[in-house]
Amino acid sequence: MIIAIDGPAAAGKGTLARRLAEALGFDYLDTGLIYRAVGMKAERTGWPPEAAALALTPSDLDGADLRGDEAAQAASKVAAIPEVRAALLEFQRAFAANPPGGKGAVLDGRDIGTVVCPQADLKLFVTASLEKRVERRVKELQQRGLEVIQTEVFAQMKERDERDSQRAVAPLVAANDARVLDTSDLDADQAFALAFELVRT
Ligand code: DC
């Protein structure tokens, strides 16, 4: 079984994907982390992003800097390059088809339901208003002890939403057969309960 979870940044898809995978005993793949690793590897080495994607190793996914906003912006930029997406496609499909645990896979990203796994058994498009997503990201960064300027977080998230939605290849869009889950007024437990219900029906 394959569960595809897509949506914009900070809508709650990572938390939801992780919890669903745990509850079902499935393996989880955070595809945004892969794009983040490619973006940071390209910056670090000076290589063209497609070369960084082709040379990606598992240790590149361990970088402590991958969770920050610099990595997010770098990821969003390299993710618009068709050759980068092509280089990463097979790995993601192979993971979905043959998850390490053998039971099932939950993948989250922007194009899982539309491009990576169009045959997924369940597709969720997890979204929330820009204001709510900014609020959550600000809280998350503050909890990590970082100094945050709310207007900067807002501008960066808006820029990333636009770049991810408007690119020519595999843009951020809900698949026709995706169930839309708006988490603007839901906490993580409520979002999980709704999604789990969809899995079971
Ligand atoms: O999910 P995230 O915020 O970690 O993703 C970082 C960036 O990577 C996102 O802005 C766009 C890109 N991305 C993508 O294009 N396709 C995916 N499947 C996952 C992420």
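Given the structure is predicted, the values throughout are model-derived calculations rather than measurements.

Scoring rules and cut-offs
Residues numbered from 1 in each chain as written. Predicted model: local features only at pLDDT ≥ 70, side-chain atom pairs only at ≥ 80, totals over all residues. Heavy atoms only, no water. Buried < 20%, exposed > 50% of the residue type's maximum accessible area, 1.4 Å probe, protein only. Helix = DSSP H or I, 4+ residues; strand = E, 2+ residues; numbered from the N terminus. Pairing = 2+ DSSP bridges. Salt bridge = Lys/Arg side-chain N within 4 Å of Asp/Glu carboxyl O. Phe/Tyr/Trp six-rings, centres within 6.5 Å; stacked < 30°, edge-to-face > 60°. Axes fitted to C-alpha atoms, helices over the stretch in contact; angles between N-to-C directions. Contact = heavy atoms within 4.5 Å. Near = heavy atom within 4 Å. Polar contact = N/O pair within 3.5 Å; in protein donor to acceptor, adjacent residues only side chain to side chain. Areas by Shrake-Rupley, 256 points an atom, 1.4 Å probe, with all protein chains shown as cover.

Peer 1: Could you give an account of the pairing of strand S3 (residues 105–109), with specific residues and numbers?
Peer 2: The element S3 is extensively covered by neighbouring structure, given that 5 of its 5 residues are classed as buried. Of the two faces of S3, the one holding Ala-105, Leu-107 and Gly-109 and the one holding Val-106 and Asp-108 are both buried throughout. Here strand S2 (residues 27–30) pairs with S3 via 4 bridges, running parallel. Counted as the bridge partner of Asp-30 is Asp-108 from S3.

Peer 1: Tell me about the pattern of salt bridges, and please be specific about residues and values.
Peer 2: The tally for this structure, following the rule as stated, stands at 17 salt bridges. The salt bridge partner of Lys-41 is Asp-60, with a shortest N-O separation of 2.8 Å. Highlighted residues: Lys-41 in helix H2 (residues 31–45) and Asp-60 in the loop between helix H3 (49–54) and helix H4 (69–78), separated in sequence by 19 residues. Across the pair, Asp-60 and Lys-41 agree in class, each one buried.

Peer 1: Just give me the short version of the packing of aromatic side chains, but keep the residues and values in it.
Peer 2: Scanning the entire structure with this criterion turns up 1 aromatic pair. An angle of 20 degrees between the planes, with centres 5.4 Å apart, marks the rings of Phe-192 and Phe-196 as stacked. Residue Phe-192 and its partner Phe-196 are both found in helix H9 (residues 188–200); the two are separated by 4 residues, about one turn of the helix. Accessibility expressed as a relative area gives 15% for Phe-192, which makes it buried. According to the relative accessible area criterion, Phe-196 is partly exposed, its value standing at 23%.

Peer 1: Before we move on, can you summarise the sheet that holds strand S1 (residues 2–6) with the specific residues and values?
Peer 2: In a beta sheet, neighbouring strands are held together by backbone hydrogen bonds and run either parallel or antiparallel to one another. Strand order in the open sheet made by the 5 strands is S2-S3-S1-S4-S5, with parallel pairing throughout. Edge positions in the sheet fall to S2 and strand S5 (179–182), since each of these pairs with one other strand and no more. Ignoring which end each strand starts from, the neighbouring axes of this sheet average 20 degrees apart. Bridge count for S1 against S3 is 5 bridges, and the pairing is parallel. What sits directly across from Asp-6, in S3, is Gly-109. Across the sheet, H2 lies against S2 and S3, angled at about 40 degrees from S2, the strand it touches most.

Peer 1: An account of the environment of Ala-52 is requested, with residue identities and associated values reported.
Peer 2: Among the structural elements, Ala-52 can be located in helix H3. Separated by 12 residues in sequence, Ala-52 and Met-40 have C-alpha atoms that sit 9.0 Å apart. If we ignore the near neighbours within four places in the chain, the residues touching Ala-52 are Val-38, Lys-41, Ala-42 and Trp-47.

Peer 1: I'd like a description of the site of the ligand, backed by residues and values.
Peer 2: If you check the shell around the ligand, you find 15 residues, and the closest are Arg-36, Arg-85, Arg-160, Asp-164 and Arg-167. Contact between the ligand and Arg-36: an oxygen atom at 2.6 Å from a side-chain N or O atom of the residue. Within the side chain of Arg-85, an N or O atom sits 2.8 Å from an oxygen atom of the ligand. Relative to its unbound accessible area of 450 Å², the ligand is 95% covered by the protein chains. For the shell around the ligand, the elements supplying multiple residues, two or more each, are H2, H4 and helix H8 (150–166).

Peer 1: Break down unusual backbone geometry for me, citing the residues and quoting the values.
Peer 2: Residue Ala-10 is not a glycine yet carries a positive backbone phi of 60 degrees. Along the chain, Ala-10 turns up in the loop between S1 and helix H1 (13–24). In this structure, Ala-170 is a non-glycine residue whose phi angle is positive, near 45 degrees. You can see Ala-170 is positioned in the loop between H8 and S5. Among the residues examined, Ala-170 registers a relative accessible area of 15% and is labelled buried.

The quantities given are spatial measurements derived from coordinates; they are silent on function.
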